[in-house]
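Coordinates in review
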Amino acid sequence: MKITLTWLAEFLDLGVLFEVDEAVRTGPSHPGVRQLVDAMNELGMVVEGVEHAPASLDGVVVAEVVSLEPIPGADKIRATLVNDGEGEPKSVVCGAWNFKVGDKVPWARPGVTLPTGMTLTERKMRGVVSLGMLCSPVEVGVSSEAGGLLILDPLTPPGVDFGAHFGLSDDIVFDLAIEANRPDANCVLGVARDLAAWLRIDFWSPEAPYSLEIIDDPKPSIDPEATDRLLIASLGGIETATFPLRLGRRLQLGGMRSISPVVDASNYVMLEIGQPTHPYDATSLGGGTIAARFARAGEEVVTLDGSTRALESSDIVIVDGNDQVVGLAGVMGGLATEVSDATTSVLLEAAHFPAGRIARTAKRLNARSEASARFERGTDPAILELAVTRIAELANLRIEGPIRCRIDAVRPAAPIEVRPARVGAILGHEPADELLNVLEPDGPLERIGFDIEQAGAIYRVTPPSFRPDVGSEIEVIEEIARHFGYQRITSTPLTVATTGGLTERQQLIRRLKQLLAGMGIFEAWSVTLVSPEERERTGGAGEPIELADPLVAQESELRQTLLAGLLRSLRTNVGRRLSPVALFEVGPVMQRWSVGGSMASDPSSEQNSLVQSALPNEGLRLGVLIEGAENSLVVIAPVLTAIERVFGLDGVLEVTGIDEELVGWPELHPGRRSQLRLGEKVVGVVGELHPRQIPDELIHLVEGRFGYLEMDFEALVASMHPIRRVEVPSVYTASTLDLSFAIRRDAPLEPLVDLIEEIAGELGADLGVFDRFRPTDDEEHLYVGLRLRLESDQGVITEGTVQSLIDTIDARAAALGAQLRRG
Amino acid sequence: MAEIDVTLAELTGFCDESVGKLNAVMTNAELLAVKEAVHAPSTPLATLQRAMRSIAPEDRPRIGAAVHEVRSRLEEAIDVNERRVNEVELAGRLRAEQDDIAAYLHPGRLRGTGALHLLTQTRMMLEDLFIGMGFVVAEGPEVETEWHNFEALNIPKFHPARANQDSFYLNYGEPESTLLRTHTSPVQIRLMQASELPIYAIVPGRVYRRDTPDARHTPAFHQLEALVVDKGITFANLKATIEAFTSAYFGPDIQARLRPAYFPFTEPSAEFEITCTVCKGLGCRTCSGTGWIELGGSGMVHPNVFAHVGIDPEVYSGFAFGFGIDRLVQMKVALGDMRILPENDLRVLAQMRGVL
């Protein structure tokens with residue numbers, strides 16, 4: 001919300017603090033302005049910007065048009081002579097067509113720089129001397145709109161200083177961010193009221209004239225759920241309606257468009273006292289009156305913006321005397337009853353609507369307006385008379401006949417009991433008694449308009465009609481804190497009653513990430529929202545969980561595997577010729593529960609204990625994507641080994657062939673993939689990306705292959721074996737045995753490893769693959785070198801023991817398709 | 001007799017000649033050849049040694065001493081020269097193996113060690129800071145129920161605050177019953193429902209808003225939330241905790257201040273601001289000339305929120321505050337455009353190897 005300093009000064013005795021005239025000349029750096037900015041910030045009316053708005057009208061005077069002639073050969077401009085009250089008439093060429101001889105207009109002399117930044121000169125146009133310029137409303141800063149020159153009151157004497165005559169002064173614009181719970185502060189009056197209490201200076205609260213005549217007019221009847229207070233007034237004198245230029249400038253600085261005197265006055269009053277009103281063309285209203293009710297299904301209305309709005313029974317509508325819908329209450333008026341140039345009589349509506357209903361309709365119809373923004377936060381039902389009289393006064397209109405009160409069902413606010421001990425217990429300021437000064441007579445709350453009565457040990461606090469946000473003790477306490485000053489409240493260090501720390505699971509996440517980073521892999525943060533195409537490429541788990549209303553099509557559903565998110569990063573890097581790609585991510589994936597078995601469903605795990613059946617299956621996973629040379633298993637396998645070792649899963653985590661029906665995990669290269677099992681449960685997959693996962697257009701950029709590992713982190717945590725015992729190794733000389741096998745290429749290696757371990761028994765201290773190659777002269781076999789280290793607590797390993805082990809291995813390996821190569 | 005003396009004379013010559021050869025060898029191979037010649041059966045030394053038994057007893061001491069001396073001289077010469085040749089060969093090998101580590105110091109920017117993401121590093125720093133103050137770290141699901149995300153936090157349907165947190169609702173369950181959480185605050189509700197009191201916890205995590213991405217906003221971002229519920233917790237405690245956190249994280253020359261604000265789930269509510277870290281409070285473009293930058297929201301837990309989770313607000317009170325982690329990262333490393341983060345460009349990730 002944008003308001004100006006001179007506007008605030010109309011309600012606030014700023015003169016006791018600083019010279020307002022000097023401040024508006026100086027600008028935002030003026031100490032008085034700074035004081036106001038600090039005060040507004042402290043009160044929670046956050047100042048997002050302060051701008052200087054000089055009038056820039058020095059040298060603009062009122063001139064009378066004394067002649068108006070065409071220029072030969074020019075059809076867009078005309079030659080005028082204007083009388084500026086000094087000497088001979090002045091020659092000015094003008095491109096506007098909305099004026100005639102005798103009109104009074106603002107004339108900017110050569111040398112003047114206008115608010116728009118334009119500097120005027122003397123020049124010749126089509127051979128005619130043109131001195132300065134005749135100005136439009138936009139050029140002199142009194143309106144956002146211009147349809148030609150600004151035509152002034154015919155009684156204005158020529159030659160007077162334009163700015164001074166019309167009261168157009170320098171000003172300062174404050175851009176305020178008003179919180180949703182402060183409807184009262186959405187206007188100049190409300191800001192002034194808060195400032196007056198904080199700065200302890202006088203505040204002039206405007207009131208409707210005492211003599212105002214108001215009569216009840218309850219027929220046809222109105223649903224009190226639709227509006228609990230509705231006034232209507234007939235406004236006459238539309239043909240002579242005007243709106244002061246001085247106020248037009250404020251509207252323009254406040255960011256409002258100028259439309260017509262009556263609409264401008266309505267908008268001005270909304271910015272000034274916070275009450276939106278709506279003027280109707282009275283003759284277009286059936287029955288000459290209005291009422292409010294809930295819409296009926298099937299009803300429609302065409303609003304001011306030209307949209308046809310289909311109504312629902314939760315929408316409040318304004319109807320005319322014939323029960324025809326003429327507008328969306330509190331949101332937007334109807335096109336058919338809009339005030340226009342042809343309007344001869346105006347009916348003005350001022351009402352109080354239920355905030356929640358207005359919010360619902362404005363959101364549902366995507367029709368938020370300045371009016372709905374105020375109604376949906378809650379307006380002041382007591383200010384309607386003032387709004388009506390102020391509009392009539394400002395637009396030079398007559399209120400014809402009495403103001404008619406169509407309904408008044410507003411219930412006064414109930415007093416709220418506030419316990420002094422509670423105030424201290426919530427705010428904690430020391431000494432606590434100081435806080436209660438805010439509630440004292442002539443204290444800030446009373447100055448604002450709260451009614452405060454001390455009743456024994458408690459206070460009875462009745463909020464004013466413009467503070468619908470204050471309805472309970474805690475809300476009064478917030479108001480006390482605000483006017484006491486958040487910055488004045490003491491700080492009291494917290495005595496924390498718990499011992500801080502990470503859970504085992506949280507520590508393991510950190511360990512895992514540090515391990516992978518240490519292995520040369522970068523932690524990635526990939527998208528949770530993916531496209532159907534990405535899901536399909538990565539082996540989706542079935543029916544996706546889609547966004548109800550995605551922002552972009554590529555991010556329309558939740559990822560069911562980490563690969564779905566990481567694949568996009570892979571493509572980005574490959575496309576940018578960045579290699580080798582080495583990324584990992586620890587993050588959640590979301591699947592429907594029916595996918596079953598592929599995700600953590602252990603109810604004891606921390607994550608799952610939080611999840612209710614109302615939510616999808618959300619589990620934390622680890623994904624690792626590494627680029628390798630010809631065979632990416634070489635680069636991905638060490639990652640799996642490292643994880644096994646850190647989590648103590650050596651010999652527990654099984655690496656097996658992929659189950660046919662495996663769902664919920666990424667699809668990988670069919671010849672280079674395995675699944676990971678802990679007991680009966682599949683907890684991950686490992687292998688090489690399927691070539692189809694690399695888009696065709698990038699294939700030529702890919703140098704290597706991509707190894708991939710995806711694991712269920714929750715299962716890792718659940719099966720984790722911590723270090724419990726450190727073995728003291730044998731002191732006797734060990735024996736190392738290199739065994740070379742020719743193994744059938746289609747035979748798995750794992751059984752051979754298991755066999756050797758079994759035969760070595762207690763003597764087997766370590767077993768590792770040290771060599772692996774495919775002989776060119778033997779298509780059927782693969783040569784694998786295994787190094788077995790033998791140790792014993794009992795003594796040195798003898799030659800005989802070694803020999804008998806070799807013989808046993810030789811004899812039993814053949815059954816696994818492995819041939820020990822001797823010699 | 002004379003025959004023996006002749007051989008004796010040959011022995012001396014043989015010895016001198018062999019020592020000379022040994023002193024001249026340059027390689028182990030040459031040394032080996034000389035050694036073989038010295039130990040050959042046909043040398044005067046070998047001849048004399050074989051003949052010792054047949055030598056007259058009176059000559060034996062003289063001859064024996066001579067043989068012994070020659071043998072000692074030869075062994076010593078072999079030993080000395082073996083060591084000399086080994087030294088020479090080692091020096092040669094070392095010369096030949098000359099190399100420059102610089103050849104291995106430039107693996108290319110993308111090879112070598114990996115890195116934790118800046119968001120993780122920042123999150124860990126923040127977690128450790130609060131752990132030091134006695135807080136535990138809590139987590140919750142990213143897909144939330146509408147009830148936890150809004151309703152229980154005193155944000156009913158059509159509340160203006162929902163408009164500020166435009167949500168990604170999901171086609172899961174009843175329409176608008178599930179969504180990607182718009183803040184970490186629903187975890188407050190889960191904590192209060194599930195935990196024993198008192199609660200001193202922080203909640204870091206990813207959240208989602210239906211915002212069109214720009215330099216400062218991505219639809220997914222990260223928050224950290226703190227929740228304290230205990231007997232006797234006050235706004236004064238909230239102030240002190242925020243001050244302790246900001247000076248610990250940003251340094252002692254950074255001040256924190258609270259100003260009134262509105263959040264439906266806290267009352268009283270406050271925005272908290274810190275001294276602008278760029279200009280140290282003097283006023284600059286980053287802080288729009290105010291000297292302060294807004295960091296997050298805070299306040300005392302609203303009694304309506306306590307009512308939703310069955311905690312008696314007359315017995316317990318609490319505070320909560322939260323802020324964006326991404327913004328802290330952005331401030332610390334002067335990252336202009338947040339949209340590059342989810343791309344995971346390796347050139348960006350490689351810059352995260354250092355220490356924050």
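For the structure itself, look to the data block above.
None of the values given here were measured: they were computed from a predicted structure.

1. Regarding the sheet that holds strand 6 (residues 256–263) of chain B
Strand order in the open sheet formed by seven strands is 1-4-5-9-8-7-6 (chain B), with mixed pairing between adjacent strands. Looking along the sheet, the strands with just one partner apiece sit at the ends: strand 1 (136–137) and strand 6 of chain B. Where strand 8 (residues 292–301) of chain B meets strand 9 (residues 317–324) of chain B, five bridges bridge the pair, whose relative direction is antiparallel. When the bridges of strand 9 of chain B are listed, Gly299 of chain B appears paired with Ala320 of chain B. Packed on one face of the sheet, helix 13 (residues 473–484) of chain A meets strand 6 and strand 7 (266–275) of chain B and runs near 30 degrees to strand 7 of chain B.

2. Let's talk about the side chain of Asp778 of chain A
Residue and element names in this part refer to chain A. For Asp778, the position within the fold is in the loop between strand 35 (764–773) and strand 36 (781–790). As a buried residue without a salt bridge, Asp778 has its nearest oppositely charged side chain in Arg745, at a separation of 6.0 Å. With near-sequence residues (within four places) excluded, Asp778 lies in contact with Arg745 and Tyr783.

3. Observations concerning the sheet that holds strand 21 (residues 398–408) of chain A
Residues and elements named next belong to chain A. Here five strands make up an open sheet; going across it, the order is 11-21-12-20-13 and the pairing mixed. In this open sheet, the two edge strands, each paired with only one partner strand, are strand 11 (214–216) and strand 13 (277–281). Within this sheet the neighbouring strands show an average axis-to-axis angle of 25 degrees, counted without direction. Note that strand 12 (residues 229–236) and strand 20 (residues 346–352) share seven bridges and pair antiparallel. Paired with Ser234 across the two strands is Leu347, which belongs to strand 20. Its contacts with the sheet place helix 10 (residues 384–394) against strand 11, strand 12, strand 13, strand 20 and strand 21, and it is angled at close to 15 degrees to strand 12.

4. Here's the deal with the packing of aromatic side chains
When we look at a pair of aromatic rings, we describe it by the centre distance and by the angle of the planes. Residue and element names in this part refer to chain B. Going through the model one piece at a time under the given rule, you end up with 19 aromatic pairs over all chains. With 5.5 Å between their ring centres and 65 degrees between their planes, Phe130 and Phe135 make a pair best called edge-to-face. The same class applies to Phe130 as to Phe135, namely buried. With 4.9 Å between their ring centres and 15 degrees between their planes, Phe245 and Phe323 make a pair best called stacked. Of the two residues, Phe245 is situated in helix 9 (residues 235–250) and Phe323 in strand 9; the sequence distance between them amounts to 78 residues.

What counts as what
- Residues numbered from 1 in each chain as written.
- Chains lettered and ligands numbered in written order.
- Predicted model: local features only at pLDDT ≥ 70, side-chain atom pairs only at ≥ 80, totals over all residues.
- Heavy atoms only, no water.
- Pairing = 2+ DSSP bridges.
- Helix = DSSP H or I, 4+ residues; strand = E, 2+ residues; numbered from the N terminus.
- Contact = heavy atoms within 4.5 Å.
- Axes fitted to C-alpha atoms, helices over the stretch in contact; angles between N-to-C directions.
- Buried < 20%, exposed > 50% of the residue type's maximum accessible area, 1.4 Å probe, protein only.
- Lys, Arg positive; Asp, Glu negative; His and termini not counted.
- Salt bridge = Lys/Arg side-chain N within 4 Å of Asp/Glu carboxyl O.
- Phe/Tyr/Trp six-rings, centres within 6.5 Å; stacked < 30°, edge-to-face > 60°.

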